[in-house]
Each structure stands twice: as C-alpha cells, then as structure tokens.
Amino acid sequence: MGDSQQDMKRKASDEPWTKEQTDVLLELMVDAAGRGWRENSGIFSKTTVEERIFHVLNEKLGCNKTYSNYQSRLKWVKNRWTSYSNLMRFSSGFGYDPITKKFTASDEVWDAYLEAHSKDANLRYGECPDYEDLGIDVGNGVAVGKNSIGLGSATDAKTLGDDENRDARIEDLTFDPENEAFVAPSPR
C-alpha cells in the first residue's frame, strides 16, 4: 500500500463523526436490521458493514469511513442506548414522547433519577431523536441472559408467532416481507 493510501486511511480513522454521518449510519443500520442482515448474535458482520452499510454512507456523504470507524461509533451508540435504557428501567414514571422526541416524567421522578445519574442531566430537557432508531439498532439484539426475563406460562402476552398476518410497523412505515424492508404505505 502506498504512502498516500496509508495517509488517507489514517486520516479517515482520525476524522471525528459528524451528526449527519451518525444520523445516516443509524438510518442505514435500521434499514439493514429490517432487511435481516444481522448475524444470529444480533450484530452486523464486518462484511455487511463494509459492503452494505458503509458503501452507501461513504458514497452518500463523500466520506471514507472504515470498519474501525464503525467499531468506534458503535461504542458511542451503545453507551447512548445504555443511558436511554437505564432511564426507562429506573422507574415506571418515565415515558417517551415520539412527537416531541423527549423523555417525560414528573419532577420528583427526574430529581430521584438525576441524583443517581447526574451525567444524564441533558436527557431531562433535551431532545432524543435517535431513541427509536437506537432501540432497533442496538436495543433489540439477542438476549444473552444478563438483562433478560422470562414471562413464564401464566401470562396472556402475545408472542411473535401468535398472529402470522400481523402488521409490523415503525411509525408510519410498513414491513414488506417480499422485499424484506420497511416501506411507506401505498396511497388508498
């Protein structure tokens, strides 16, 4: 590999992620998850990231991200999701408003949470537009037992197999099993 190619790779790995790049990455990961491109472990393979996700990201935004860039950003994404999921698990008083893209709770619930998690103070008033995407990208991985729970047999909860003709939706999108992708509904 020539010096200029090594310099270009080194520059790409040192280049910080912009908000636009992160947003497009999350969007592409949601699409890839909808297409079933994850491994059985719930992660994307290096080949999938390089050939299907970053190929589009780099072309669309004119950047030169590599798999090592992905691994670095994935750590950030997982830490962000951990903050969100810790908040939602903290108390039944929390909710998420998909219209305002903010977490909601009474002042008492927020005060108790922030007393134990002061680093997450920005979540109280700030928008979290990536909450739903992160839930798909890293929140729905395969349970490994650490945080999983069993419903047991004494429940009337529906499972995925209960209704084979169910309508899987992400906000206003509909899952098209023929194309294995989420698509906008057709006009009626």
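Each chain carries its own residue numbering, running from 1 in the direction its sequence is written. Predicted model: local features are reported for residues with pLDDT of at least 70 only, side-chain atom pairs are reported and counted for 80 or more only, and whole-chain, interface and lining totals are derived from all residues. As a convention, hydrogens and water are excluded, and side-chain values are obtained from all of the structure's heavy atoms.

Looking at an unreviewed UniProt entry, one finds the chain named Myb/SANT-like domain-containing protein and attributed to Perilla frutescens var. hirtella.

### Points about the overall build of the chain
Put simply, the rule reads: A run of H or I in DSSP becomes a helix once it reaches four residues, and a run of E becomes a strand once it reaches two; helices and strands are each numbered from the N terminus. Each residue gets one of three labels from its accessible area relative to the maximum for its type: buried under 20%, exposed over 50%, partly exposed in between, using a 1.4 Å probe on protein chains only. Only the protein chains shown count as cover for residues, and all accessible areas are computed by the Shrake-Rupley method using a 1.4 Å probe.
For the chain, the count of helices and strands is 7 helices and 5 strands. Helices and strands appear in the chain in the N-to-C order α-α-α-α-β-β-α-α-α-β-β-β. Within the span of the chain, comprising 188 residues, buried residues form 30% of the whole. Total accessible area on the chain stands at roughly 12,700 Å², and carbon and sulfur atoms take up 49% of it.

### Some details on the pattern of salt bridges
For clarity, the cut-off: We count a salt bridge whenever a side-chain nitrogen from Lys or Arg sits within 4 Å of a carboxyl oxygen from Asp or Glu.
Under the counting rule described, the total for this entry stands at 9 salt bridges. Note that E15 and K65 form a salt bridge whose closest N and O atoms lie 3.8 Å from each other. Of this pair, E15 sits in the loop between α1 (3-14) and α2 (19-34) while K65 sits in the loop between α3 (46-61) and α4 (67-90), placing them 50 residues apart in sequence. The class for K65 is buried, based on a relative accessible area of 4%.

### Focus on unusual backbone geometry
The phi dihedral of K101 falls on the positive side, at around 60°, and the residue is not glycine. Structurally, the position occupied by K101 is in the loop between β1 (95-97) and β2 (102-104).

### Concerning the packing of α2 against α4
How we decide: Whenever a helix is involved, its axis is fitted only over the stretch in contact; in every case the axis is a line through C-alpha atoms, and angles between N-to-C directions fall within 0 to 180 degrees. Here the word oblique covers every angle except those under 35 degrees (roughly parallel), over 145 (roughly antiparallel) and from 65 to 115 (roughly perpendicular). Throughout, a residue-residue contact means that at least one pair of heavy atoms, one from each residue, lies within 4.5 Å.
Contact geometry of α2 with α4 gives a least axis separation of 12 Å together with a crossing angle of 85°. Judged on the interaxial angle alone, α4 and α2 are roughly perpendicular. Side by side, α2 and α4 meet where T22, L25, L26 and M29 of the first sit next to Y70, R73, L74, W76 and V77 of the second.

### Thoughts on the environment of A33
Secondary-structure assignment places A33 in helix α2. On a C-alpha basis, the gap between A33 and F44 in space is 8.5 Å, while along the polypeptide they are 11 residues apart. Ignoring anything within four residues of it in the chain, the contact list for A33 reads R38, F44 and I136.

### Description of the packing of α2 against α3
We count it as follows: Throughout, a crossing is termed right-handed when the near helix is turned clockwise from the far one, and left-handed when it is turned anticlockwise from it by less than a right angle. Asp, Glu, Lys and Arg are counted as charged, while Ala, Val, Leu, Ile, Met, Phe, Trp, Tyr, Cys and Pro are counted as nonpolar; the rest, among them Gly, fall into the polar class.
Interaxial distance between α2 and α3 falls to 10 Å at its minimum, and their mutual angle equals 145°. Here the hand of the crossing between α2 and α3 comes out right-handed. The residues of α3 that touch α2, namely those facing E20, Q21, V24, L25, E27, L28, M29 and A32, are I53, F54, V56, L57, K60 and L61. For the contact of α2 with α3, the class distribution of residues is 10 nonpolar, 1 polar and 3 charged.

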